[in-house]
Amino acid sequence: MAIEDLISSVPTGLWIGGEERQAASTFNVLDPSDDQVLATVADATAADAIAALDAACAVQAEWAATAPRKRGEILRSVFEKITERADDIAALMTLEMGKVLAESKGEVAYGAEFFRWFSEEAVRIAGRFTPAPAGTGRILVTKQAVGPCYAITPWNFPLAMGTRKMGPAFAAGCTMIVKPAQETPLTMLLLAKLMDEAGLPKGVLSVLPTSNPGGVTSALVDDGRLRKLTFTGSTGVGKALVKQSADKLLRTSMELGGNAPFIVFDDADVDAAVDGAILAKMRNGGEACTAANRFHVANAVREEFTDKLVKRMSEFTLGKGIDPASTLGPLINSKQVSTVTELVSDAVSKGATVAVGGVAPGGPGNFYPATVLSDVPADARILKEEIFGPVAPIIGFETEDEGVAAANNTEYGLAAYVYTQSLDRALRVAEGIQSGMVGINRGVISDAAAPFGGIKESGFGREGGTEGIEEYLDTKYIALTK
């Protein structure tokens, strides 16, 4: 489909109660490769948020009472609809977010999988029935939908960060309002249209693009009818949302920032480690909370690893994501380019060496090259702060204990990567790493069938796996007389 036809096929109004509505004002969505306007979309207000909540509440009881098999069949239909339109969704995502087409196609497959997975989990919501230990009666435990939910999703994965929340919520019988990132609302709006075509009852999903996220969020969080808030984004915003939600004691799940260590031990297969490093660092152009943020490499293999990583990173081709020749697209905006530039400059000023890349090309678009920093000092900001860009800082270590301690020297705890050929070491280090997820000899760990989430200041709650649906279920105990 031609780009103009693709853009024109996307709803640009508010999606409330299964219908497109216009708003009093609009805002522009920009292509990060050249900062040109892609589309103008409706700008939701607090009043629109309440209208969406009205729609969600109106159908909540009916949706929760819908047979689990029926809910599952609808989710399966959504999976098939996304798969059918995969090329269009990928192109749209590339246009508004910037990632190269291959990355976008990968996200479409990953994002769709949450609907397939939770279509199967919808019929597996379990309870229990047991005699009371005292012999006085029976204990019946059942699970019920939490109720209307509000999901705030980020710009870096415009499809998957929404489907990872919607899949379990709808499988559990919850309605949901989604506020996509201001930078990337088009993918979510197209998804809403496709879900409507797949048979999702009207009112179960609303989508509210907005340039005033604070006003929309406050209106929903302060309304006693909302029962759950789920957020993916920065730790700072997540903390503020948890505080804001406390007054109503909302159920919350928070998938927040990361500072993933990538540890290469002296017994690692270095070539395999470099392959994994490319995946862990360069997936999504480095704009991922699970991206390897710092590379702790045993000094015995550090030079070999660095040389081979530099060679691979130098092979990336910067360009518009929609261009098939590009292997690295732009960052999301100029602010992000400035952030990455500052982190690299700080490291270099403190003694780090730029082995490749390290300078933004300038000109139109928000580009930054694949970069490797060697001999990074321990006090460099880039080892402490989330980079969200294609920069790999390398620091050495001597002993296993030293490597693990360096990896754990952060307030974050989302993902970690370990390369070693020793099973004993792999298990020992995985247990010692303070992280919600650990990849052993692999650079990509996300899987719809596995629980995704972190510890410490990377948040709480899990998305995906058999655990994911529990975030949208309340436990009810019913005491029965003998």
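Coordinates for the structure precede this section.
Each value, and the rule that gives it
For every chain, the first residue of the written sequence is number 1, and numbering continues from 1 onward in sequence order. Only residues with pLDDT of at least 70 get local features here, since the model is predicted, and only at 80 or more are side-chain atom pairs given and counted; chain-wide, interface and lining totals rely on the full set of residues. Hydrogens and water molecules were not included; the side-chain quantities draw on all heavy atoms of the structure. Within this document, salt bridges are pairs made up of a side-chain nitrogen of Lys or Arg and a carboxyl oxygen of Asp or Glu, the two lying within 4 Å of each other. Relative accessibility decides the category of a residue: with a 1.4 Å probe and only protein chains considered, values under 20% of the type maximum give buried, values over 50% give exposed, and everything between is partly exposed. Only protein atoms enter the 1 Å grid used here, on which a cavity is any set of points holding a 1.4 Å probe that cannot leave and a pocket is any open set flanked by protein within 12 Å on both sides along at least five of seven lines; residues with an atom within 4 Å of a point are listed as lining. Grid points are joined across faces, edges and corners, and a volume is the space filled by probe spheres set on the points. To qualify as a helix, a DSSP run of H or I must reach at least 4 residues; to qualify as a strand, a run of E must reach at least 2; elements of each kind are numbered from the N terminus. Put simply, Ala, Val, Leu, Ile, Met, Phe, Trp, Tyr, Cys and Pro go in the nonpolar bin, Asp, Glu, Lys and Arg in the charged bin, and everything else, Gly too, in the polar bin. DSSP-based pairing: two strands are paired if at least 2 bridges between them are found. Lines fitted to the C-alpha atoms define the axes, with helices restricted to the stretch that makes contact. Angles between their N-to-C directions range from 0 to 180 degrees. In this analysis, rings of Phe, Tyr and Trp, with Trp reduced to its six-membered ring, are considered paired at centre separations within 6.5 Å, and the interplanar angle assigns stacked below 30 degrees, edge-to-face beyond 60, and tilted for intermediate values. Two conditions define a charge sitting above a ring: the NZ of Lys or the CZ of Arg must be within 6 Å of the ring centre, and it must be within 35 degrees of the ring normal. Note that the term roughly parallel is reserved for angles under 35 degrees, roughly antiparallel for angles over 145, roughly perpendicular for angles of 65 to 115, and oblique for everything else. Helix crossings are classified by the rotation of the near helix relative to the far one: an anticlockwise turn of less than a right angle makes the crossing left-handed, while a clockwise turn makes it right-handed. Contact between two residues is taken to exist if any of their heavy atoms lie within 4.5 Å; hydrogens are not considered. Here, expected helix span is obtained from the residue count minus one, scaled by 1.5 Å.

Peer 1: Looking at this structure, I do not really get the pattern of salt bridges. What am I missing?
Peer 2: Think of it this way: side chains of opposite charge can pair up when their charged atoms draw near. Scanning all chains against the criterion turns up 28 salt bridges. Note that Glu315 is salt-bridged to Lys311, the shortest N-O span being 3.0 Å. Measuring nitrogen to oxygen at the nearest pair gives 3.0 Å for the salt bridge that ties Lys350 to Asp346. With relative accessibility at 34%, the residue Lys350 sits in the partly exposed group.

Peer 1: Just checking my understanding: could you explain the layout of surface pockets for this structure?
Peer 2: To find leftover empty space, one rolls a probe the size of a water molecule over the atoms. Counted as a void, the largest pocket has a volume near 980 Å³. Secondary structure elements with two or more residues in the lining of the largest pocket: α8 (213-221), β10 (228-232), α9 (235-245) and α12 (334-349). Top element by residues in the lining of the largest pocket is α9. It accounts for 6 residues. Residues belonging to the lining of the largest pocket are distributed by class as follows: 15 nonpolar, 16 polar and 5 charged. Counted as a void, the second largest pocket has a volume near 300 Å³. As for the second largest pocket, its lining consists of 23 residues, and the residues nearest its centre are Val100, Glu103, Met282, Asn284 and Thr327. Among the residues making up the lining of the second largest pocket, the classes are represented as 13 nonpolar, 6 polar and 4 charged.

Peer 1: Mind showing me how you'd approach the sheet that holds strand β5 (residues 128-131) here?
Peer 2: Two orientations exist for strands paired in a sheet by backbone hydrogen bonds: parallel and antiparallel. With respect to topology, 3 strands assemble into an open sheet ordered β5-β6-β20, the strand pairing being antiparallel. Edge strands, defined here as strands with exactly one partner in the open sheet, are β5 and β20 (473-481). Looking at each pair of strands side by side, their axes are set apart by 20° on average, direction ignored. Looking at chain direction, strand β6 (residues 137-145) and β20 are connected through 9 bridges and run antiparallel. Paired with Arg138 across the strands is Leu480, a residue of β20.

Peer 1: Got a minute to help me understand the packing of aromatic side chains in this structure?
Peer 2: We describe a pair of aromatic rings using the distance from one ring centre to the other and the angle between the two ring planes. Tallied over the full model, the rule gives 7 aromatic pairs. Look at Phe262 and Tyr419: their rings are 5.2 Å apart centre to centre, the planes differ by 20°, and that puts the pair in the stacked class. Within this pair, whereas Phe262 is found in strand β12 (residues 260-264), its partner Tyr419 is found in strand β17 (residues 415-419), the two being separated by 157 residues in sequence. Summarising the burial analysis for this pair, Phe262 and Tyr419 share the class buried. One aromatic cluster is present, built from ring pairs that chain together Phe262, Phe295, Phe305, Tyr417 and Tyr419. In this structure, Arg164 packs its charged tip against the face of Phe452, placed 3.8 Å from the ring centre. Above the face of the Tyr472 ring, Lys228 is positioned so that its terminal group lies 5.0 Å from the ring centre.

Peer 1: Is there a simple way to explain the packing of helix α6 (residues 160-172) against helix α7 (residues 186-197) in this structure?
Peer 2: In a pair of packed helices, the angle between the axes and the distance between the axes together describe the arrangement. Two elements in contact, α6 and α7, have axes separated by 12 Å at closest approach and are oriented at 30°. By the criterion of interaxial angle, the relationship of α6 to α7 is roughly parallel. Here the hand of the crossing between α6 and α7 comes out right-handed. Contact residues: Gly162, Thr163, Met166 and Phe170 in α6; Met188, Leu191 and Met195 in α7.

Peer 1: Help me understand helix α5 (residues 101-121), please; the structure alone is not making it clear to me.
Peer 2: For an α-helix the count is 3.6 residues per turn, leaving residues at separations of three or four pointing the same way. Taking 1.5 Å of rise per residue, 21 residues should cover 30 Å, and α5 covers 31 Å from first to last C-alpha, within 8% of that figure. Within α5, the full set of buried residues consists of Ser104, Glu107, Val108, Tyr110, Gly111, Ala112, Phe114, Phe115, Trp117, Phe118, Ser119 and Glu121.

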